[in-house]
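Survey of secondary and tertiary structure
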Amino acid sequence: MPHLPATDSISAALLDVLDQVVGPPDGVMPLHEPEFGGQEHSFVRACIDSTFVSSVGKFVDDFELRLASYTGAAYAVAVVNGTAALQVALRLIGVEPGDEVIVPALSFVATANAVSQCGAVPHFVDSDPVTMGMAAAPLAAHLEETVEVSSQGVCNRVTGRRIAAIVPMHTFGHPVDLDPLLALAEHYGIPVVEDAAESLGSTYHGRHAGTFGQVAALSFNGNKIITTGGGGAILTNDAELAKRAKHLTTTAKLPHRWAFVHDEVAWNYRLPNLNAALGCAQMEQLPDFLERKRTLAARYQQALSGLGEVRFMPEPAGSRSNYWLNTVELLQPDIGARDRVLAALHERGYLARPVWTLLNELPMYRDCPRAALDVAERLQAGLLNLPSSPKLAR
Ligand SMILES: *Cc1c(COP(=O)(O)O)cnc(C)c1O
């Protein structure tokens, strides 16, 4: 058991930090709890009283306006969840069955599932050690080596499939370094869809994450920075795409007072008014959540600064993170050591979490094309998320 003493000392040091910053837990301390301290009750009650609890109603429209105004996106289209938002976003920019889509190997499974649900194949690429998101330089080298540019577009030379989109994801709220990625995408003429599910409230060079690509997806699942129970949104600055997003997510029904005419196969993905009511109340509290999450992150960063074996993952330079989940990295990444540390933290009630299993290691994605994933593999073995609920920094 050569690792045991070192792991014990990391666990002890982390437990000290947790006790000092957020602890000790009263029973268990979840990773991220939603908070309903605003007008949730009154908005949801008003929604019920209006009888408009389903996909038509003033809260859905209001929620979309609030999202657009907050993010600076010209349009927001509210949908049932973040995965649906991503799926529709990919479809909007022309991802077709048989295409390939570049996604980070280090992401939540929804990023790849949305690609598969379009009939396309995810093509996994590596992460940047600072942002934890898609890394531009290795992607440039990988594309140079892998693709062929012709009148058909950009094709994977090995599989023959068209590369139809690039999907950077802003990991735990830390923005991806977008400038070099956008330049690369433009060079090849490949559209960018941002998976901004974790980054409501984050900015890159002063502009909101999710407003850089042609389209972006947000999520309002129960564990995200704001929640609608379940929910998501499509962001875009393109009026045509926004119109089409609304059409495709509302059964492609042609507006008419009574006739049911639908002009293509489409989805019933509209966010119910009831969920949007919750969302409107949550949006009012977002600035306060963000402020408390920054305070909590600063406390963690300060308390962790003296440790030799673990480091805090700060927001990347030039960005402002929403610090959705606070993240630390073991400086000697090792999955066994990571799991022993997690076991010690859970033992004391701190429900810390490892990062996701790399998507290329999941059974359904094992045979997908991929680049070298050295950094993603290191991050997988080294990253831990610490309890990050806004209420921990009251
Ligand atoms: C949460 C999340 C999604 C999907 O959101 P749901 O609303 O749960 O469908 C997509 N991508 C990432 C990276 C996420 O964290």
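Owing to the predicted nature of the structure, the values given are computational and were not obtained by experimental measurement. (Residues numbered from 1 in each chain as written. Predicted model: local features only at pLDDT ≥ 70, side-chain atom pairs only at ≥ 80, totals over all residues. Heavy atoms only, no water.)

Quick look at the pattern of salt bridges now. All told, the structure shown has 14 salt bridges when counted by the stated rule. Of the charged contacts, one joins E100 and R161 as a salt bridge, the two residues approaching to 2.7 Å between their closest N and O atoms. Taken together, the positions of E100 in strand β2 (residues 100-104) and R161 in the loop between β5 (153-156) and β6 (163-166) put the pair 61 residues apart, joining distant regions of the chain. The class of E100 is buried, set by a relative accessible area of 0%. Ionic pairing is found between R338 and D339, a salt bridge with its closest N-O pair at 3.0 Å. Residue class for R338 comes out buried when judged on its relative accessible area of 9%. Salt bridges linked by common partners bring E35, D288 and R292 together as one network. (Salt bridge = Lys/Arg side-chain N within 4 Å of Asp/Glu carboxyl O. Helix = DSSP H or I, 4+ residues; strand = E, 2+ residues; numbered from the N terminus. Buried < 20%, exposed > 50% of the residue type's maximum accessible area, 1.4 Å probe, protein only.)

In the vicinity of the ligand, 15 residues are found, and the nearest of them are G82, T83, E198, S219 and K224. One of the backbone nitrogen or oxygen atoms of G82 is found 2.7 Å away from an oxygen atom of the ligand. Surface burial for the ligand is 92%, taken as the share of its 380 Å² of free accessible area covered by protein chains. Broken down by secondary-structure element, the contributors of at least two residues to the shell around the ligand are α4 (82-92) and α5 (109-117). A breakdown of the residues in the shell around the ligand according to their chemical character gives four nonpolar, eight polar and three charged. (Near = heavy atom within 4 Å. Polar contact = N/O pair within 3.5 Å; in protein donor to acceptor, adjacent residues only side chain to side chain. Areas by Shrake-Rupley, 256 points an atom, 1.4 Å probe, with all protein chains shown as cover. Nonpolar A, V, L, I, M, F, W, Y, C, P; charged D, E, K, R; others polar.)

As a further point, take helix α6 (residues 136-146). Restricting attention to buried positions, one finds in α6 the residues A136, L139, H142, L143 and T146. Here the buried residues of α6 occupy an arc of 120° about the axis, which is enough to place them on one side. Exposed residues lying more than 90 degrees from the buried face of α6 are A137, E144 and E145. Looking at the buried side of α6, the elements it contacts are β2, β3 (121-125), β4 (147-150), β5, β6 and α7 (178-188). (Arc of directions from axis to C-beta. Contact = heavy atoms within 4.5 Å.)

This paragraph deals with the sheet that holds strand β7 (residues 193-195). Ordered by their spatial adjacency, four strands build an open sheet running β1-β11-β10-β7, and the pairing between neighbours is mixed. The sheet terminates laterally at β1 (75-79) and β7, the two strands that pair on one side only. Strand-to-strand twist of the sheet, defined as the mean angle between neighbouring strand axes without regard to direction, takes the value 20°. With three bridges connecting them, β7 and strand β10 (residues 215-219) associate as parallel partners. Residue E194 lies in a different strand from β10, and its bridge partner there is A216. Its contacts with the sheet place helix α8 (residues 239-249) against β1, β10 and β11 (232-236), and it is angled at close to 15° to β1. (Pairing = 2+ DSSP bridges. Axes fitted to C-alpha atoms, helices over the stretch in contact; angles between N-to-C directions.)

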